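Here is how the chains run, residue by residue.
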Amino acid sequence: MAGTEQQASCNNELVNPIISMGLQYSGILVISHVLQILLKPLGQASPIVQILAGFLMGPSGFSRIKAVEKFFIQSYASGYYEFMALIFRTIIMFLIGLETDFPYLMRNIRPASIIACGSSLACTFFAAAVTFLVFQETASRGSSFMMSLMIIITLANAASPNVVRVAADLKFSTSETGRLAISSSLIADAYAVFLLFILSEYKSTSIAKWIFFFFLYFIIVGIVIVINMYLANWLNRRNRNQKYLRNAEICVLLAILYVAAMALEHFGFSSIIASFLIGSMFPRGGKAARTLLIKLTYPIHNFIFPIYFGNHGFRANVTKLKNLRNFMVFCILILSSIGGKIVGTLAACFHLKIPYREGVLLAFMMNLKGHVDMLALTIGLTDDLVLSQNFYDVMIATIIVNTLVWGPIVAFMVRRESDIIGYRQIYFESQNPESELRILACVHSPRPVATMLGLVAASRGPRDVPITPYLMHLVELPGKKKTNLMYNQKEEDELSDEDDYGGNDVVEINDAVDMFTSETGLLVHQIKAVSPFSRMHADICNNAEDIRASIVVLPFHKHQRIDGKLENGKQGIRTTNQKVLRHVPCSVAILIDRGLTAGSLNPSGSDSLQHIAILFFGGPDDREALGFSKRLGMDHHVNLTIIRFLPASSRGQIAGVNIAHKTDDVLMAISNDEVEKEADNAILTEFHNRYVVTGQVGYVEKVVESGAETASALRDMAEMYSLFIVGKDGRGHSVLTTGMSDWEEFPELGKVGDFLASPEFDISGSVLVVQQYRPSKYDDDDDDDKQ
């Protein structure tokens, strides 16, 4: 008898819920990563793969085996799973808040709200229509109103974590459609969470209590946001000379988050939206936010997301659909969900004049589920709001199968509709200067950071023009270091290889970015790429495509010494620039940073007036430079002057004529190539009428007979401007630059850019050489890329 009890005790230890949960999560991780390797080449997003992994491990797959079912599916372990789900969704929503482009959400709150409300309200009507049928066919008992609420939450909800990850994996999260889908899903989540509160507090009929709880909700969230603001600023000052915050300090910040989340859960609120708000309102500038993003991104994306999504798939049991009535209810719910989303979303898109194909994709994205809806079913099952196991089984199967079906369809549509959501470069010469600017500035060291950030600030134009700047720190990948130390003998800083790349440059760059953000209010997104010079251009091009950059700004491979001379840097930097010029999928510029003006281009930091010159010779690159300069001319701290060089043959046509009173016919100049001539004249006419006539931009014409006169004219204005902007290549062999190429040293800068960067040209201003996007060069394969 004693032996039997000992054997039973041993068995109980083996099926301990902690051990069972740990092994289940481990199995989901392994299967999800294996499936990811197999399905990623087919274009499937990771959330779909992770839900499928849990689905295969659950009662619809391996857990149909009795031994596996006995080990994994334990009724008394549900509390452990719900607690872990709370921990996971709190940190997930906090990270989503940190990563969310909150300014974009605020700018587009109206269209996002219309889409979210349209899809949610349509699903609400569909859910109300099928509630009676579902109640009867699942032989349910209890409150039909509670069932209706759960069906509404299930159909109306758009799982924001799924939408965020699917959009990111399919590489359209930075597109207008992707950002609109993410914003709309967050608003739909808020609607579902509001219904969830009614569901959980339905037994409390006191209106005063509901009002008190809502007031308490906003008080708790507001207090945490204020605490984070002061604490983050204090931690940033405390760790002024450190790359990141200490682990203990990160734990304190996360502890505050979880205390607030647990308090809200205790009062009957879901912490989903609160966690998102706390994350989105967290101070973005400084080491605190930077450290949180770095420390949380890897474990959440690689461990927490697979477990969180996989656990949802694990709960689905499609074997319950063998019952004809259950299967019929399942089909009705699936059709109601997609029907409500399509009808509501397309109606909203029609009102917003969004194209039909984008509307269909938005509808499918809004139909991804597995977040608030799963929590609603858990609350209903725990509180016995509806007494029918069939109902819960069918609802969970509906949620999971719906996502597993429509997730791959979304992936297919993204590939098919690449022409509407793919990366489309709009030339600056035809771009509205008041549209959003996405700029990727690259640096190899802290030296050009100040000028790069100053250029970013100046290119913003008016304060209400949206700009999304990225600063990419390019670090050469060093060779493997030989050491006799064992792993446990290394210092703490030596254990993380990638964080060490860049040395003290990281601290200096971070400090410069933090100072810039505090002075201008512009949030600069930082990226670090560690690779050998032979592959560094690929990192730049890939990141430019991922963020849908309008322009990439590269540093020149030479830097200025104390005596004013340019000194050669690493040859790999020049090689990288040359490859980027050939392959980058957008416009690109090379910045020749003259150290004397390193900080003078930051117009928002002072009231001084900066003088910038646009050198216009003609051709696509000069037109692109002129188009980019429109944004600079709109800044009231910048005095912009366009200097147009004309051949002496035009002297008779323009002599003695004031440009401010010219007609279009007089403004036009003669060009050898009629097509280029018309393009040059068109953009100059438009620029003149919009900016020169109004006095925003100055206009000067220089008549020259040869490259020598052009060089002389450039020398005369060497000390007049803090920045010169010029196109890389003029219009072929022009008399304006004849002879200038005789001493050409850097062809990647073009004839004029090379002259401005030459030692013979004594200049104190920086130079920006712009090249327009060239599809033929980007599409061609380069021999170096094959190595």
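Residues numbered from 1 in each chain as written. Predicted model: local features only at pLDDT ≥ 70, side-chain atom pairs only at ≥ 80, totals over all residues. Heavy atoms only, no water.

Quick notes on helix H23 (residues 533-546)
Thinking step 1. The first and last C-alpha atoms of H23 sit 20 Å apart over 14 residues, in line with the 20 Å expected at 1.5 Å per residue.
Thinking step 2. Listed as buried for H23 are Phe533, Met536, His537, Ala538, Ile540, Cys541, Asn543 and Ala544.
Thinking step 3. Here the buried face of H23 lies against strand E3 (437-443), strand E4 (467-476), strand E5 (525-531), strand E6 (551-555) and helix H24 (571-583). (Helix = DSSP H or I, 4+ residues; strand = E, 2+ residues; numbered from the N terminus. Expected span 1.5 Å × (residues − 1). Buried < 20%, exposed > 50% of the residue type's maximum accessible area, 1.4 Å probe, protein only. Contact = heavy atoms within 4.5 Å.)

What about the packing of aromatic side chains?
Thinking step 1. According to the stated counting rule, one finds 24 aromatic pairs in the structure shown.
Thinking step 2. On the numbers, 6.2 Å between centres and 70 degrees between planes, the contact of Phe213 with Phe269 is edge-to-face. Here Phe269 lies in the loop between helix H12 (247-266) and helix H13 (272-280) and Phe213 lies in helix H11 (residues 207-238), a separation of 56 residues in the sequence.
Thinking step 3. You can call Phe213 buried: its relative accessible area is 9%. (Phe/Tyr/Trp six-rings, centres within 6.5 Å; stacked < 30°, edge-to-face > 60°.)

A word on a nonpolar patch on the surface
Thinking step 1. Taken together, the side chains of Leu121, Phe125, Phe126 and Val343 define a hydrophobic patch exposed on the protein surface, amounting to about 390 Å² of accessible area.
Thinking step 2. If you tally residues by element for the nonpolar patch, the top one is helix H7 (residues 109-137), at three residues.
Thinking step 3. Relative to the elements of secondary structure, Val343 occurs in helix H15 (residues 324-352).
Thinking step 4. Residue Val343 is classed as partly exposed on the basis of its relative accessible area, which comes to 49%. (Patch = residues over 30% accessible without salt bridge, like charges linked within 9 Å, V, L, I, M, F, W, Y side chains within 5 Å. Areas by Shrake-Rupley, 256 points an atom, 1.4 Å probe, with all protein chains shown as cover. Salt bridge = Lys/Arg side-chain N within 4 Å of Asp/Glu carboxyl O.)

Remarks on empty space enclosed by the protein
Thinking step 1. Applying the stated rule across the entire model yields one cavity of 30 Å³ or more.
Thinking step 2. The calculated volume of the largest cavity comes to roughly 40 Å³.
Thinking step 3. Partitioned by chemical class, the residues of the lining of the largest cavity number seven nonpolar, two polar and no charged. (1 Å grid on protein atoms, 1.4 Å probe; cavity = no way out; pocket = protein on both sides within 12 Å on 5 of 7 lines; lining within 4 Å. Points joined across faces, edges and corners; volume = space filled by probe spheres on them. Nonpolar A, V, L, I, M, F, W, Y, C, P; charged D, E, K, R; others polar.)

A closer look at the layout of surface pockets
Thinking step 1. By volume, the second largest pocket amounts to about 940 Å³.
Thinking step 2. Along its surface, the second largest pocket is lined by 34 residues, and Ile73, Ser78, Arg315, Leu381 and Ile396 are the ones closest to its centre.
Thinking step 3. Going through the elements one at a time, helix H4 (66-72), helix H5 (78-99), helix H14 (287-315), helix H17 (372-382) and helix H18 (389-416) are the ones with two or more residues in the lining of the second largest pocket.
Thinking step 4. Here the lining of the second largest pocket gets six residues from one element, more than from any other, and that element is H5.
Thinking step 5. Among the residues making up the lining of the second largest pocket, the classes are represented as twelve nonpolar, 14 polar and eight charged.

Notes on the pattern of salt bridges
Thinking step 1. The tally for this structure, following the rule as stated, stands at 17 salt bridges.
Thinking step 2. Among the salt bridges present, the one from Asp546 reaches Lys171, with a minimum N-O distance of 3.7 Å. One end of the pair, Asp546, is in helix H23; the other, Lys171, is in the loop between helix H9 (160-169) and helix H10 (176-200), with 375 residues separating them in the sequence.
Thinking step 3. Judged by its relative accessible area of 31%, Asp546 falls in the partly exposed class.
Thinking step 4. Judged by its relative accessible area of 55%, Lys171 falls in the exposed class.
Thinking step 5. Within this structure, Asp101, Glu176, Arg179, Glu436 and Arg438 form a network of salt bridges that share partners.

Quick look at the sheet that holds E6
Thinking step 1. Read from one edge to the other, the open sheet built from ten strands follows the order E5-E4-E3-E6-E9-E14-E13-E10-E11-E12, with strand pairing classed as mixed. Both edges of this open sheet fall to E5 and strand E12 (697-704), since each of them pairs with a single strand only. For this sheet, the mean inter-axis angle between neighbouring strands, taken without regard to orientation, is 20 degrees. (Pairing = 2+ DSSP bridges. Axes fitted to C-alpha atoms, helices over the stretch in contact; angles between N-to-C directions.)

Side note on unusual backbone geometry
Thinking step 1. Residues other than glycine seldom take positive phi values, yet Lys353 does so here, at roughly 60 degrees.
Thinking step 2. Inspection of the secondary structure puts Lys353 in the loop between H15 and helix H16 (356-366).
Thinking step 3. For Lys353, a relative accessible area of 73% translates into the label exposed.
Thinking step 4. Here the phi dihedral of Arg548 falls at roughly 55 degrees; this positive angle occurs in a residue that is not glycine.

Looking at the packing of H15 against H18
When two helices pack together, their arrangement is captured by the angle between the axes and the distance separating the axes.
Thinking step 1. For the pair H15 and H18, interaxial distance at closest approach is 9 Å and the crossing angle is 50 degrees. The orientation of H15 relative to H18 falls into the category oblique. Judged by the twist between their axes, the crossing of H15 over H18 is right-handed. Facing H15, whose interface residues are Asn326, Val329, Phe330, Leu333, Ile334, Ser337 and Ile338, H18 presents Asn390, Val394, Met395, Ala397, Thr398, Val401, Asn402 and Trp406.
Thinking step 2. When grouped by side-chain class, the residues that make up the contact of H15 with H18 number ten nonpolar, five polar and no charged. (Parallel < 35°, antiparallel > 145°, perpendicular 65-115°, else oblique. Left-handed = near helix turned anticlockwise from the far one by under 90°.)

Side note on the state of the cysteines
Thinking step 1. If you walk through the whole model with that rule in mind, you get zero disulfides.
Thinking step 2. Unpaired in terms of disulfides, Cys541 finds its nearest cysteine sulfur in Cys586, a separation of 8.2 Å.
Thinking step 3. Under the relative-accessibility criterion, Cys541 is labelled buried at 5%. (Disulfide = S-S within 2.5 Å.)

Points about the confidence of the model for the chain
Thinking step 1. Counting all residues, the mean pLDDT for the chain is 83, and 86% of those residues have values of 70 or more.
Thinking step 2. Long-range and interchain partners of residues 1-11, a stretch whose pLDDT sits below 50, account for zero contacts in this model, where long-range means more than four residues apart.
Thinking step 3. pLDDT under 50 marks residues 596-600. Its contacts with residues more than four places away, or in other chains, come to twelve contacts. (pLDDT = per-residue confidence, 0-100.)

Quick notes on H17
Thinking step 1. Of all the eleven residues making up H17, nine are buried; the element is thus mostly covered by neighbouring parts of the structure.
Thinking step 2. Asp384 sits one or two residues past H17 and shows a positive phi near 55 degrees.

Focus on the environment of Val767
Thinking step 1. For Val767, the position within the fold is in strand E14 (residues 766-771).
Thinking step 2. For Val767 and Phe556, which are 211 residues apart along the polypeptide, the C-alpha to C-alpha distance reads 9.7 Å.
Thinking step 3. In contact with Val767, other than residues within four places in its own chain, are Ile590, Leu591, Ile592, Leu723, Phe724 and Leu756.

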